[in-house]
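# Secondary and tertiary structure notes
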Amino acid sequence: MKILITGFTGFVSMHFLQLLNTVEPNATVLGIDKNTPTTDFSIYPNITVLFRNVDLLDKNAVDEVLTEFEPEYILHLASVSSVAQSWATPLDSFVNNTNIFLNMVEQIRINKIPCRILSVGSSEEYGEVEESLLPLTEEHALKPLSPYAVARVSQEMLSKIYADGFHQQIIITRSFNHIGPGQKDHFVISSFAKQLVQLSKKKDVANKIVVGNLAIIRDFLDVRDVVKAYYLLLKKGASGEVYNICSGKGTALNDIVLKMSSLLKMDITIEVNSALIRPNENKKIIGSYKKIKTILGWQPEISLEKSLIDIIDYWQHELQ
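So, here's what we can say about the structure. Source: prediction; values computed, not measured.

## As for the sheet that holds strand β6 (residues 169-175)
Spatially, seven strands are ordered β3-β2-β1-β4-β5-β6-β11 in an open sheet, and the strand pairing comes out parallel. Each edge of the sheet is formed by a strand with only one pairing partner; in this case those strands are β3 (48-53) and β11 (242-245). On average, each strand axis in the sheet is inclined to that of its neighbour by 20°, with strand direction left out of account. Strand direction decides the pairing type here: strand β5 (residues 116-122) and β6, joined by seven bridges, are parallel. Bridge pairing links valine 120 to threonine 173 in β6.

This is the structure:
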């Protein structure tokens, strides 16, 4: 297996490498990213891991790396993946999330490279949804409410054009909120965990955590379940088809904060920072994974509590 992974320094990529190390011995991986990874690749002894610094907005650099490596598979993870950041820098968010994908598939088309591509999208594409229509299936209309979500819809539409019009093998996901150890602290659950672990180490201060809107409900899924779905879709997913990657359950952010504080045996005070509340916030998002389960047999296996325990353990180690 020769696989190219974009967005290589992100936490999803690291978990995907762990999976490959188990299920694809002798695989060769080429990771590309604008940032340089700090991971020691010797922790993946069963696979060969290579890396190149590449800016996916640079068409010549993209052309060079694709023609030299000639991947059989591409896992496209690269993105400006923060909804909040897309409100602060909408132009950068849209250009990066759309053009980096377009550069890649266009160079594959020009060079006639036969490979299967996983185009990773987001549940944010669905936008505001009436509760009576939940859980969301892949047939639901897309009504994006943020610059990030609009870019993801654009990537999905480009995926379909290149799959149907140019006969490229492109499989599409709408991935719901995934969480797990190693996620950066500008994502909401990791941010909560980091704050709580920091407070747990300071016994002489008030246990106050700063948050945004805790009333919103999201479908949270462990990243280790996510990468199993990505692997199956790369191998067996149907080109041009869209698959929800989700848990099928909704949890309020407030309940997650209370659960993590309970795991740490802490009493906490919550302070709402209005600057952390996004415009046009989707109030409740829950998905259905019936399609991918029916076709490929995938379903989530890791409980939310297990995910939260492992995220807390990660930050306890990082903040030693």
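## Examining the layout of surface pockets
Empty space among the atoms becomes visible once a probe the size of a water molecule is rolled across them. When its volume is computed, the second largest pocket comes out at roughly 210 Å³. Lining the second largest pocket we find 14 residues, and of these Ser247, Lys249, Ile302, Ser303 and Leu304 sit closest to its centre. Secondary-structure elements contributing two or more residues to the lining of the second largest pocket are β10 (221-222) and α10 (304-318). A per-class count over the lining of the second largest pocket returns seven nonpolar, four polar and three charged.

## Thoughts on the packing of helix α2 (residues 59-69) against helix α4 (residues 90-111)
Orientation of α2 relative to α4, taken along the N-to-C sense of each, is 55°, at an axis distance of 9 Å. Viewed along their axes, α2 and α4 adopt a mutual orientation that is oblique. Seen along the crossing, α2 lies across α4 with a hand that is right-handed. Listed contacts from α4 to Lys59, Val62, Asp63, Leu66 and Thr67 of α2 are Asn103, Met104, Gln107, Ile108 and Asn111. Of the residues assigned to the contact of α2 with α4, the class counts are four nonpolar, four polar and two charged.

## With respect to helix α8 (residues 253-263)
Three- or four-residue spacings in an α-helix give side chains the same orientation, since the helix completes a turn every 3.6 residues. Within α8 the residues assigned to the buried category are Leu253, Ile256, Val257, Met260 and Ser261. One side of α8 holds all its buried residues, which, seen down the axis, span an arc of 130°. Where α8 is buried, its residues meet α6 (188-200), β8 (208-211), β12 (251-252), β13 (269-272) and α10. Lysine 265 occupies a position one or two residues after α8 and carries a positive phi of about 55°.

Rules of the game
Residues numbered from 1 in each chain as written. Predicted model: local features only at pLDDT ≥ 70, side-chain atom pairs only at ≥ 80, totals over all residues. Heavy atoms only, no water. Pairing = 2+ DSSP bridges. Helix = DSSP H or I, 4+ residues; strand = E, 2+ residues; numbered from the N terminus. Axes fitted to C-alpha atoms, helices over the stretch in contact; angles between N-to-C directions. 1 Å grid on protein atoms, 1.4 Å probe; cavity = no way out; pocket = protein on both sides within 12 Å on 5 of 7 lines; lining within 4 Å. Points joined across faces, edges and corners; volume = space filled by probe spheres on them. Nonpolar A, V, L, I, M, F, W, Y, C, P; charged D, E, K, R; others polar. Parallel < 35°, antiparallel > 145°, perpendicular 65-115°, else oblique. Left-handed = near helix turned anticlockwise from the far one by under 90°. Contact = heavy atoms within 4.5 Å. Buried < 20%, exposed > 50% of the residue type's maximum accessible area, 1.4 Å probe, protein only. Arc of directions from axis to C-beta.

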